[in-house]
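Chain by chain, the residues run as shown.
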Amino acid sequence: GAGVSQTPSNKVTEKGKYVELRCDPISGHTALYWYRQSLGQGPEFLIYFQGTGAADDSGLPNDRFFAVRPEGSVSTLKIQRTERGDSAMYLCASSFGGQGVDEQFFGPGTRLTVL
Amino acid sequence: AQKITQTQPGMFVQEKEAVTLDCTYDTSDPSYGLFWYKQPSSGEMIFLIYQGSYDQQNATEGRYSLNFQKARKSANLVISASQLGDSAMYFCAMRAKGGGNKLTFGTGTQLKVEL
């Protein structure tokens with residue numbers, strides 16, 4: 001079956017612009033996660049959705065970052081007034097949202113570059 | 001709060017040999033899970049193996065096994081019979097029950113398999 005997909009694969013923008021990153025999870029997965037990975041680092045948690053609601057947004061760095069998942073499937077990560085420090089790989093993952101292993105399946109990521 | 005430490009930024013191993021990638025963790029939560037992910041140069045995160053904190057036996061999955069030492073808070077990944085395709089970045093991650101469903105990742109170990 002289809003895995004997690006993310007669009008665009010690459011996004012180049014200018015400082016101060018607004019960007020939207022899209023994530024399409026695996027069908028049937030109720031949980032969706034956004035992570036940010038800087039060069040040479042491990043992914044860092046941003047936000048987690050269970051269904052349509054944000055169950056944990058403690059990783060969002062500031063109020064320029066916002067994410068939605070209005071119908072419980074596709075999610076959009078929105079970044080306002082982008083800064084050069086926002087440049088990173090943004091990874092989306094999905095899972096069934098249960099107990100135990102509840103493996104998170106990752107998408108290929110969106111590489112964001114802020115000039 | 002959870003913390004994952006991977007102290008080996010880079011490792012080399014000869015093809016067909018076994019290699020151990022180190023991971024130590026810190027959490028006050030008695031219920032947690034430990035994960036290993038592989039990230040090839042293409043960027044996607046691939047789940048390898050999982051160990052639950054209450055599991056009595058070390059996890060194994062094909063050529064991957066997890067050397068879980070709970071008292072030492074270590075969860076080292078052992079790859080047996082290394083192959084050239086094992087060359088990648090390897091991340092250890094933790095999910096603690098009290099920390100929600102998010103994964104906390106280490107900084108990773110770059111493994112290079114040589115002929």
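Each value, and the rule that gives it
- Residues numbered from 1 in each chain as written.
- Chains lettered and ligands numbered in written order.
- Predicted model: local features only at pLDDT ≥ 70, side-chain atom pairs only at ≥ 80, totals over all residues.
- Heavy atoms only, no water.
- Core = buried A, V, L, I, M, F, W, Y, C linked by side-chain atoms within 4.5 Å.
- Buried < 20%, exposed > 50% of the residue type's maximum accessible area, 1.4 Å probe, protein only.
- Helix = DSSP H or I, 4+ residues; strand = E, 2+ residues; numbered from the N terminus.
- Polar contact = N/O pair within 3.5 Å; in protein donor to acceptor, adjacent residues only side chain to side chain.
- Contact = heavy atoms within 4.5 Å.
- Phe/Tyr/Trp six-rings, centres within 6.5 Å; stacked < 30°, edge-to-face > 60°.
- Lys NZ or Arg CZ within 6 Å of the ring centre and 35° of its normal.
- Salt bridge = Lys/Arg side-chain N within 4 Å of Asp/Glu carboxyl O.
- Disulfide = S-S within 2.5 Å.

(A) Representation of the nonpolar core within the structure. Ranked by size, the top nonpolar core spans 25 residues in total, and within it Y25(B), L34(B), W36(B), I49(B), L77(B), Y90(B) and L111(B) carry the most contacts. Residue contributions to this core peak at five residues, all from strand β10 (residues 88-96) of chain B. In terms of nonpolar packing, the next biggest core, distinct from the first, is built from 20 residues, I26(A), F49(A), L77(A) and V114(A) among them.

(B) Representation of the side chain of R64(A) within the structure. Residue and element names in this part refer to chain A. For R64, the location among the structural elements is in the loop between β6 (53-56) and β7 (65-68). Of note is the side chain of R64, whose polar atom sits 3.2 Å from the backbone oxygen of R81. Setting aside chain neighbours within four positions, we find R64 in contact with K78, I79, Q80, R81, T82, E83 and D86.

(C) Molecular detail of unusual backbone geometry. For the bond from T7(A) to P8(A), the omega torsion is -10 degrees, close enough to zero to count as cis. When you line up the elements, P8(A) lands in the loop between β1 (5-7) and β2 (10-13). Unlike most non-glycine residues, D102(A) shows phi in positive territory, near 40 degrees. With respect to the helices and strands, the residue D102(A) is situated in the loop between β9 (88-95) and β10 (105-106). By relative accessible area, which is 9% here, D102(A) ends up buried. Although it is not a glycine, K73(B) sits at a positive phi angle of roughly 55 degrees. Relative to the helices and strands, K73(B) is located in the loop between β8 (64-69) and β9 (74-79).

(D) Inspection of the packing of aromatic side chains at higher detail. Enumeration over the complete set of coordinates arrives at 15 aromatic pairs over all chains. For the pair Y35(A) and F45(A), a centre-to-centre distance of 6.0 Å together with 70 degrees between the ring planes defines the contact as edge-to-face. With Y35(A) in strand β4 (residues 31-37) and F45(A) in strand β5 (residues 44-50), this pair connects stretches of sequence that are 10 residues apart. According to the relative accessible area criterion, F45(A) is buried, its value standing at 10%. With 5.1 Å between their ring centres and 55 degrees between their planes, Y25(B) and Y32(B) make a pair best called tilted. The exposure classification of Y25(B) matches that of Y32(B), with both residues buried. A network of ring pairs unites the aromatic residues Y33(A), Y35(A), F45(A), Y48(A), F106(A), F35(B), Y37(B), F47(B), Y50(B), F91(B) and F105(B) as a single cluster. Seen from the ring of Y64(B), R63(B) lies directly overhead, with NZ or CZ sitting 5.8 Å from the centre.

(E) Geometry of the pattern of salt bridges. Per the counting criterion, the structure on display carries five salt bridges over all chains. When the shortest N-O distance is used, the salt bridge between R64(A) and E83(A) registers 3.5 Å. Remark: E83(A) occurs in the loop between β8 (75-79) and β9 and R64(A) occurs in the loop between β6 and β7; sequence separation between them is 19 residues. Exposure remark for E83(A): the relative accessible area of 40% places this residue in the partly exposed category. The partner of R63(B) in a salt bridge is D86(B), and the shortest N-O contact between them spans 2.8 Å. Of this pair, R63(B) sits in the loop between β7 (60-61) and β8 while D86(B) sits in the loop between β9 and β10, and the two are 23 residues apart along the sequence. Classification of R63(B) as partly exposed rests on a relative accessible area of 23%. Among the charged side chains, a salt-bridge network with shared partners connects R64(A), E83(A) and D86(A).

(F) Representation of the state of the cysteines. Residue and element names in this part refer to chain B. Summed over all chains, the structure comprises two disulfides over all chains. Put simply, C23 and C92 are joined by a disulfide, and their sulfur atoms are 2.0 Å apart. Of note, the bridge from C23 to C92 carries an S-S torsion of about -60 degrees and is left-handed in sense. You can see C23 sitting in the loop between β3 (19-21) and β4 (24-26) and its partner C92 sitting in strand β10, a full 69 residues away along the chain. C92 carries the same exposure label as C23, and that label is buried.

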